[in-house]
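A closer look at the structure
So you can see what is in the structure, the chains are spelled out below.
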Amino acid sequence: MKLFLALLALLCTLGAHSIAAEKRPNILFILLDDQSPFDLKVYDAKSPLKTPVIDRLAAGGMVFDGAYHMGSFSGAVCMPSRHMIMSGRTVWHLPTAPGALAQGKCPPDLEQQTIPAVFNRAGYATMRTCKMGNSYEAANKLFQVRRDATKRGGDDESGSAWHAEQVLDYLKEREASKDARPFFIFFGFSHPHDIRDGKPELLAKYGAINHAAPATIPPRHPLQPKLPPNYLMAHPFRHGHDDVRDEVAVSGVWKNRDEATIRNELGREFACSENIDIQMGRVLDRLKAMGELDNTWIFYTADHGMAIGRHGLQGKQNLYQHTWRVPFIVKGPGVKPGKRVEGNIYLLDLLATFCDVAGIPAPATNEGISFKPVLEGNKNVVRDTLYGVYNGGTKPGMRCVKQGNWKLIQYDVHNGEVRETQLFNLKENPDEFVAEHHDPKVVALTGVKPAKHQINLAGDPRHAGKLKEMQALLLAEMRRLDDPWRLWNQPNDNLPPPAPPQKPGKGKTGKKK
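Summary of the structure given here. (Residues numbered from 1 in each chain as written. Predicted model: local features only at pLDDT ≥ 70, side-chain atom pairs only at ≥ 80, totals over all residues. Heavy atoms only, no water.)

Structural notes on the overall build of the chain
Test applied: Here a helix means four or more residues in a row that DSSP labels H or I, a strand means two or more in a row labelled E, and each is numbered from the N terminus. The quantity called the radius of gyration is restricted to C-alpha atoms. Its globule counterpart is 2.2 Å times the number of residues to the power 0.38. Partly exposed residues are those whose accessible area sits between 20% and 50% of the maximum for their type, while under 20% is buried and over 50% is exposed, using a 1.4 Å probe and protein chains only. Contacts are assigned to residue pairs with any non-hydrogen atoms lying within 4.5 Å of each other. Shrake-Rupley sampling with a 1.4 Å probe provides the accessible areas, and residues are treated as covered by the protein chains on show and by no other component. In this tally, Asp and Glu contribute negative charge and Lys and Arg positive charge; neither His nor the terminal groups of the chain are included. The location of each charge is read from NZ of Lys, CZ of Arg, CG of Asp or CD of Glu.
Counting its regular elements, the chain contains 14 helices and 15 strands. Expected size for 513 residues packed as a compact globule is a radius of gyration near 24 Å; at 23 Å, the chain falls within 12% of this value. In terms of overall dimensions, the chain has a C-alpha envelope of 90 × 55 × 40 Å along the principal axes. The buried share of the chain, reckoned over its 513 residues, is 59%. Within the chain, counting contacts between residues at least 6 apart in sequence, those at least 24 apart form 70% of the total. Carbon and sulfur atoms make up 55% of the accessible area of the chain, which amounts to about 20,200 Å² in all. Considering the chain, the positive charge centre built from 67 side chains and the negative charge centre built from 56 side chains are found 1 Å apart.

This is the structure:
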């Protein structure tokens, strides 16, 4: 009898271990609306922004130095970015891309192959809270629990705490109903997108005010963040979408690029970002108390970066590193703590990666690459070459390509009146300094004097070979990705005139959402 009981106990123990081994992981996806990676101390050690929760996340997980959003054909850059996140499709193969549906470059009913649909079919409990508008509505409504609202105010009810409350309430409901299914939670915020109305106590930390008087300049304060090292009073040339809302009509900034305005606006940005950090901490603490944290993958990122004074720009309609790149941190089972990688990932790789870590087949419509091998420490990058586009303004617009340390940006805008080329070695010139950054007046404002070699190298005959190589690489990527335009110095490839973008609904022209 004793032998029988011992065998029974052993079998029960083995069975429990088997069940534990088969327990599928949870996924918490944290998405911010507009955040340059260089706001965070994780990416800029000199940043005064206080984000202890993000810092702990980075220390316990993996930081990506090469994460990008690919680009946009719309002034509302977040719209294609969020479509790419949800569907795993490249920018010209989205349902809202010019001519994509009509030309068979995007399958119909794509929403049935997006994050919520895939995880619903896999038996996950799916929940979402995020802003309204400029997103993939057909996919958003497939989450089993959806609590969306745009919250950009300066108190708990109208600001970021509201989004945290939705997640906390959902977790409480799961406990009450004893829901044992693994969860996928899309934890989105409406900030730090403008209007950046921060909470009073957080604004005070950064010497900022919620400035809303167009006829005045906000007051200076010693606690305001310093100007970015690549600040300019104006962009060196017309970049192609000079009148987009983000560049001329953001409350608190408008067309102003003076030191006081930019430093105050950065203070507002930081106040909103610190509040997000606080709200993230509340949710992570709750998951820990529930015993769910160790079995939860946490992905932190933003839909795109942001300028706020960098290169004389204010918005997200450009391809400099501060805007094309995104912050990206992952913590999860088996991820080596404190690891830093390049990655070379796009946000559109998220769907494939979510599926991979959950043990779910990615849908056939997916075009992204799972970066699980990077998370496991088996790779440093998933691709060698990165392509970027912005042509929400005049056409063909801007294009860029990056390979290794080298990056090319070309501008073909305003009906051929502006045709500019920029070539940067990002290892030697990570801030993408141009000639205007060497102006003594700019140096006096920023306190940063670029080295002589930190400049646009496109006109340097010593780099003519590299320029030609990068231009050929850009054309190859444009062809591979079905880019429907060509620049002035490229063959036209007999392309038909591009169809207008599919209308996604309200907010399609970059209006505030």
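Observations regarding unusual backbone geometry
Cis peptide bonds are those with omega within 30 degrees of zero, and the linkage from His191 to Pro192 qualifies with 0°. Considering the arrangement of structural elements, one finds Pro192 in strand E7 (residues 183-192). Note the cis peptide between Lys395 and Pro396, where omega equals 0°. Inspection of the secondary structure puts Pro396 in the loop between strand E12 (385-390) and strand E13 (397-403). Positive phi, close to 45°, is recorded for Ile308, a residue that is not glycine. Within the secondary structure, Ile308 sits in the loop between strand E8 (296-302) and helix H10 (321-324). Judged by its relative accessible area of 1%, Ile308 is buried. Positive phi, close to 50°, is recorded for Asn344, a residue that is not glycine. With respect to the helices and strands, the residue Asn344 is situated in the loop between strand E10 (339-341) and strand E11 (345-346). Residue classification places Asn344 among the buried residues on the basis of a relative accessible area of 7%.

This is a description of form; function is not addressed.
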